[in-house]
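Fold and geometry: a report
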Amino acid sequence: MLRFDAQVLLHHRRVLGDGCVHSSAATGAVCSGQVRRSGGGLHHRGALSTLSRLVGRGSGVERDSFLLYPCRMPSDHELRSLALRVGRHLLSTRRRVVTAESCTGGWISKALTDIPGSSQWFELAFVTYSNAAKTRQLGVRPATLVRHGAVSEAVAREMARGALRKSGAEVAVAVTGIAGPDGGTPSKPVGTVWLCWGNAARRKVHLRTRKIRFTGDRKAVRAGSVALALRGLLT
């Protein structure tokens, strides 16, 4: 049994949806589990393996790093509901979004542009599958790719920052990961995904990054990444 700080767990409940901390499923949830309160703390059983929250001080970067093991894949209906909520949120705040995708291959942008009227808040989509494309289209530095690898926090951050710079949008989401079934290593197993959300305002960029590891087949990893990416756009 794993014990988590209550404030941290509630933070992730807001980001990922009730399905992450309750046995009942919720729209957009990518896992299920059970949580109970005991001795002044929260205890979790089931899908969550490791959870920690790290906040970069003074760097304009917030970093959440944890492992998540989803028990099921989000449905098309759940992804559409999430995308609809994202669209309403962006429209109400008068902002536009840009996507920078690798392992999801354009699935995030598809989910968003499936929503009627998305032209009012969707700006541009980058699908940068190869390292060369990440450098050419988003300005990811070759040295970053060599030092950290394509599936890394550093690359996810540069993808999001580059997408904001190239598009002029106010909001960005970037994703890079290993969907499988091959390509994994001991340090970066199949299912490892890094996501980054960026917000540009008053010539400043704030980035939030998150590392996650999904289990399941290639489609489950990609669908889970899409759901989490959309969830992050709501915060």
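This report concerns the structure included in the present document. Remember, it's a predicted structure, so these values are computed and weren't measured experimentally. (Residues numbered from 1 in each chain as written. Predicted model: local features only at pLDDT ≥ 70, side-chain atom pairs only at ≥ 80, totals over all residues. Heavy atoms only, no water.)

**Thoughts on the pairing of strand β6 (residues 97–101)**
In terms of residue burial, β6 counts as a mostly covered element, since five of its five residues are buried. Burial along β6 is two-sided: V97, T99 and E101 and V98 and A100, pointing in opposite directions, are all buried. By the bridge criterion, five bridges tie β6 to strand β7 (residues 122–127) in an arrangement that is parallel. Bridge pairing links V98 to L124 in β7. Bridge count for β6 against strand β8 (residues 171–177) is five bridges, and the pairing is parallel. In the strand pairing of β8, V97 is matched with V171. (Buried < 20%, exposed > 50% of the residue type's maximum accessible area, 1.4 Å probe, protein only. Helix = DSSP H or I, 4+ residues; strand = E, 2+ residues; numbered from the N terminus. Pairing = 2+ DSSP bridges.)

**Notes on the pairing of strand β9 (residues 192–201)**
Of all ten residues in β9, seven are buried, a share of seventy percent or more. Bridge analysis of β8 against β9 gives seven bridges, and the strand direction is antiparallel. Opposite T176, over in β9, you have W194 as the bridge partner. The pairing of β9 with strand β10 (residues 204–213) spans ten bridges and is classified as antiparallel. Considered in β10, the bridge of T192 is made with R213.

**A few points about helix α4 (residues 131–138)**
Taken as a whole, α4 has its buried residues at A133, K134 and L138. Along the long axis of α4, the arc covered by the buried residues comes to 105 degrees, so they all point the same way. Contacts from the buried residues of α4 go to β6, β7, α5 (142–148), α6 (153–167) and β8. (Arc of directions from axis to C-beta. Contact = heavy atoms within 4.5 Å.)

**Some points on helix α7 (residues 218–232)**
Helix length check: α7, at 15 residues, gives a terminal C-alpha distance of 21 Å against a target of 21 Å (1.5 Å per residue), a fit within 8%. Of all the 15 residues making up α7, twelve are buried; the element is thus mostly covered by neighbouring parts of the structure. Among the residues of α7, A220, V221, A223, G224, S225, V226, A227, L228, A229, L230, R231 and G232 are the ones counted as buried. (Expected span 1.5 Å × (residues − 1).)

**Thoughts on the pattern of salt bridges**
Summed over the entire model, instances satisfying the criterion amount to three salt bridges. In this structure, R96 engages E123 in a salt bridge whose closest nitrogen and oxygen atoms are separated by 2.4 Å. With R96 in the loop between α2 (76–93) and β6 and E123 in strand β7, this pair connects stretches of sequence that are 27 residues apart. The partly exposed category is assigned to E123, whose relative accessible area is 34%. Here D114 makes a salt bridge to K110, at a shortest N to O gap of 2.7 Å. Given the relative accessible area of 39%, D114 is considered partly exposed. Judged by relative accessible area, K110 falls into the partly exposed class, the value being 46%. (Salt bridge = Lys/Arg side-chain N within 4 Å of Asp/Glu carboxyl O.)

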